[in-house]
Amino acid sequence: MGIGYVSRSIFLCLLLVMCYNGNNKMNATRHPLNEDIPMDTNVLRLHSMDANEKYHMAHGHAYPSSHMDHMDPQLMVFFFIEDLKVGKEIPVYFPKRDPSTSPHFLPREESDSIPFSLESLPNLLQIFSFSQASPQAKAMEDTLRQCEMKPIKGESKLCATSLESMLDFVNEIFGFNSQFQVLSTTHFTESTTLLQNYTILKKPEEISAPKMVACHTMPYPYAIFYCHYQESESKVFKVLLGGDNGDRVEAVAVCHLDTSEWSPDHVSFRVLGIEPGSKPVCHFFPADNLVWIAS
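Values in this document were obtained by computation on a predicted structure and should not be read as measured data. (Residues numbered from 1 in each chain as written. Predicted model: local features only at pLDDT ≥ 70, side-chain atom pairs only at ≥ 80, totals over all residues. Heavy atoms only, no water.)

## Here we look at the overall build of the protein
In step 1: Of the regular secondary structure elements, the protein holds eight helices and 13 strands.
In step 2: Taking all 295 residues of the protein together, 52% fall into the buried category.
In step 3: Pairs at least 24 apart in sequence give 76% of the contacts found in the protein among residues at least 6 apart.
In step 4: Split by element, the accessible area of the protein, about 13400 Å² in all, is 52% carbon and sulfur. (Helix = DSSP H or I, 4+ residues; strand = E, 2+ residues; numbered from the N terminus. Buried < 20%, exposed > 50% of the residue type's maximum accessible area, 1.4 Å probe, protein only. Contact = heavy atoms within 4.5 Å. Areas by Shrake-Rupley, 256 points an atom, 1.4 Å probe, with all protein chains shown as cover.)

Listed below in structure tokens is the structure:
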């Protein structure tokens, strides 16, 4: 889905297609969690990440190549707001996922009937036929654990287990009579390249965003989106990028102007080499993430 204005009813119809495979079976059974899904599927999902477990993979501190060579490529999504200028070259990791094989949303009545808690993990592994030591089990545990973490100060969050629950959360934040649009990153070329240098091809377009809800995909047997809203000020941009290999991407970027409440060990500070609250933190969104904007 490209960047633009989308009415609630039209967007609902489009995404409801994701919920079914043409029969009444759960998509979770047709599209189980794939072993190829990385454990760090979305480094953008939480502003309260600590430094434990997989986030120790971020050994770098800034843009110098000597540090970048030792950094998890999936962390290469962060940049500074002053980088948003024509001709600036930024290394960016854009995951490439096939929507036809990605987990789909379940209808609300089905998702509501399935437990969604860390306490229920043993039962869930039986439901989806995953062994306790499998990569799928580890991914599910990470998702459930992070969905149950308390929000940071000024943040409202929800792990949406259905399209309906996502829209309910957006309406709760914006107001039930509000108009809104949804943004996503668009790839104009097909490529298997995940990490490369991109050059900003034209002046980034700032999009008015009185309120913003970001929804990030999470690894799970069916579609889960970590959606969150922050009271602190953010700026939203549409950025046209050109890759070294000829790729063209119209990317959604968000700059968080106040990071003083974020964990000091958030991966963005490790990548950019800064401290909480010292500078705005910007990042690009992958194509399967959504940014909801109050009009």
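The discussion continues.
## Remarks on the side chain of Ser-268
In step 1: Along the chain, Ser-268 falls in helix α8 (residues 267-272).
In step 2: For Ser-268, a relative accessible area of 0% gives the class buried.
In step 3: The residues contacting Ser-268, other than those within four sequence positions of it, are Phe-78, Trp-262 and Val-281.

## Overview of the layout of surface pockets
In step 1: Of the volumes computed, that of the second largest pocket is approximately 170 Å³.
In step 2: If you go around the second largest pocket, you meet 14 residues; those closest to its centre are Ala-209, Pro-210, Ser-232, Glu-233 and Ser-234.
In step 3: When contributions to the lining of the second largest pocket are tallied by element, the ones reaching two or more residues are β7 (205-207), β9 (224-230) and β10 (234-243).
In step 4: Of all the elements, β10 adds the most residues to the lining of the second largest pocket, at three residues.
In step 5: Per-class residue counts for the lining of the second largest pocket are six nonpolar, three polar and five charged. (1 Å grid on protein atoms, 1.4 Å probe; cavity = no way out; pocket = protein on both sides within 12 Å on 5 of 7 lines; lining within 4 Å. Points joined across faces, edges and corners; volume = space filled by probe spheres on them. Nonpolar A, V, L, I, M, F, W, Y, C, P; charged D, E, K, R; others polar.)

## What about the environment of Ile-293?
In step 1: As for its position among the elements, Ile-293 is in strand β13 (residues 290-294).
In step 2: The exposure class assigned to Ile-293 is buried, which follows from its relative accessible area of 0%.
In step 3: When the C-alpha atoms of Ile-293 and Val-182 are compared, they prove to be 6.1 Å apart, with 111 residues separating the residues in sequence.

## Quick look at the pattern of salt bridges
In step 1: Under the defined criterion, the tally for this structure stands at nine salt bridges.
In step 2: In this structure, Lys-138 engages Asp-142 in a salt bridge whose closest nitrogen and oxygen atoms are separated by 3.3 Å. Of this pair, Lys-138 and Asp-142 are both found in helix α6 (residues 135-147), four residues apart, which corresponds to roughly one turn of the helix.
In step 3: Arg-270 serves as the salt-bridge partner of Asp-265, at 3.9 Å between the closest nitrogen and oxygen.
In step 4: Relative accessible area serves as the criterion here: at 31%, Asp-265 is assigned to the partly exposed category. (Salt bridge = Lys/Arg side-chain N within 4 Å of Asp/Glu carboxyl O.)

Honestly, it's all geometry; don't read function into it.
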